[in-house]
Amino acid sequence: EEPAPTGEPVVTEEPVVTEEPAADERVVETVEAMNEAGAVLVDENGEPITLATEEGLEALSDATPYIVRGGTAYYFTVADCDPFAGGSQPCANPIQAAIDLAVAGEVINLEPGTYQAQLFITKDVTLQGTAPGVVIQSPASVANCYTTTTTNRAIVCVTGASNVSLLDITVDGLGYGNANYRFDGIGYFNAGGTIQGSTVTNIINTPFQGSEHGVVSYVYNSGATAQTIDILDNTVDNFQKGGIVVTGNNLTAVIQGNTVIGEGPTTVIAQNGIQVSGG
């Protein structure tokens, strides 16, 4: 620059830089696909969520599952629950869609986020949290998972498969025990596998009361087929009746390295931290 005349300051104008937050391309593509398909995003009560809001972004960013097959990662979203088909198939439960389309032995990877859904697993697959913060929340109403002497309503329901792994996830019951009698966080019924590095919490009535149900991890085997369950290095807390329960015939359980936290001294209910029974 030429020097300014004497007595006049030199003014150098700096360019104004405005940083825009980087958009998640998958979320943008999901919104566009949903709009084209006429899909509607709803909350757990069935109320519509406007897409162009923080609530909509949060819902669309929830624990996106993906399966790596043939070296390619296939992502399941509310706008496309069948990425293998290369089209657009909207659905309300991408994690369940991934479970349904997985083949035995595959890993369903869950990205960090919160997803509100009940899950049913009937094949040998792995649910793997890819980083801390993968939360599967209970819906307000939980369907029957398996009937022993009565119904059992598990948020993550595993039946009839011998090698199902749940790794590095959080299952949160949100205190919905009142509306879901025999409420379970994770239920393995005539099934086996591994629960490891996970947290299961709030399998409880609101407020905490004497209703005799509410088990964080409930494993039951009728004895027709031998099953083995490994429950390792998990944290279970804020439960109604039981922390870890394994019961039934022809069942082997390894329960190791877990932290089980009850409500403390209480006259409300007799809590069981770890229960092994029934055969």
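Residues numbered from 1 in each chain as written. Predicted model: local features only at pLDDT ≥ 70, side-chain atom pairs only at ≥ 80, totals over all residues. Heavy atoms only, no water.

J.: Mind laying out the overall build of the protein chain, listing which residues take part and the relevant values?
T.: Summing up its helical and strand segments, the protein chain has three helices and 21 strands in all. The proportion of buried residues among the 279 residues of the protein chain is 44%. A sequence separation of at least 24 residues applies to 64% of the contacts in the protein chain between residues at least 6 apart. Here the protein chain has roughly 13600 Å² of accessible surface; of this, 49% comes from carbon and sulfur atoms. (Helix = DSSP H or I, 4+ residues; strand = E, 2+ residues; numbered from the N terminus. Buried < 20%, exposed > 50% of the residue type's maximum accessible area, 1.4 Å probe, protein only. Contact = heavy atoms within 4.5 Å. Areas by Shrake-Rupley, 256 points an atom, 1.4 Å probe, with all protein chains shown as cover.)

J.: Provide a residue-level description of the sheet that holds strand 11 (residues 170–172), including the pertinent values.
T.: An order of 4-7-11-14-17-20 is seen for the six strands of this open sheet, with the pairing classed as parallel. Only two strands of the sheet have a single partner each, and these edge strands are strand 4 (113–116) and strand 20 (259–261). Recorded for the sheet is a direction-independent mean angle of 10 degrees between the axes of neighbouring strands. Note that strand 4 and strand 7 (residues 134–137) share four bridges and pair parallel. Its bridge partner being in strand 7, Tyr-115 is matched across the sheet by Ile-136. (Pairing = 2+ DSSP bridges. Axes fitted to C-alpha atoms, helices over the stretch in contact; angles between N-to-C directions.)

J.: If you had to explain the side chain of Thr-201 to someone new, which residues and values would you point to?
T.: With respect to the helices, strands and loops of the structure, Thr-201 is situated in strand 14 (residues 199–203). Judged by its relative accessible area of 12%, Thr-201 is buried. Setting aside anything within four residues of it in sequence, one finds Thr-201 in contact with Val-171, Asp-172, Gly-173, Asp-237 and Asn-238.

J.: Could you give an account of the environment of Glu-106, naming the residues involved and the relevant values?
T.: Looking at the secondary structure, you find Glu-106 in the loop between helix 3 (94–101) and strand 3 (107–110). You can call Glu-106 buried: its relative accessible area is 11%. Looking at Glu-106, its side chain comes within polar contact range of the main-chain nitrogen of Val-103, at 2.9 Å. (Polar contact = N/O pair within 3.5 Å; in protein donor to acceptor, adjacent residues only side chain to side chain.)

J.: Quick rundown of the sheet that holds strand 19 (residues 251–256)? Include the residues and the values.
T.: The strand order across the open sheet formed by eight strands is 2-1-3-6-10-13-16-19, and the pairing between neighbours is mixed. Every interior strand has two partners, whereas the edge strands, strand 2 (72–75) and strand 19, have only one. Across the sheet, the axes of successive neighbouring strands diverge by a mean angle of 20 degrees, strand direction being ignored. The pairing of strand 1 (residues 65–69) with strand 2 spans four bridges and is classified as antiparallel. Each residue of the ladder has a partner; that of Val-68, found in strand 2, is Ala-73. Contacting strand 1, strand 3 and strand 6 (126–129), helix 3 crosses the sheet at an angle of about 25 degrees to strand 1.

J.: Go over the packing of aromatic side chains with me, naming the residues and quoting the values.
T.: Counted by the stated rule, this structure contains six aromatic pairs. Ring centres of Tyr-66 and Tyr-75 lie 4.9 Å apart, and the angle between their planes is 35 degrees; this geometry places the pair in the tilted category. Overall, the relative accessible area of 16% leaves Tyr-66 in the buried class. Look at Phe-189 and Tyr-218: their rings are 5.5 Å apart centre to centre, the planes differ by 80 degrees, and that puts the pair in the edge-to-face class. Separated by 29 residues along the polypeptide, Phe-189 in strand 12 (residues 183–189) and Tyr-218 in strand 15 (residues 215–221) bring together distant segments of the chain. (Phe/Tyr/Trp six-rings, centres within 6.5 Å; stacked < 30°, edge-to-face > 60°.)

By themselves, these figures tell us nothing about what the structure is for.
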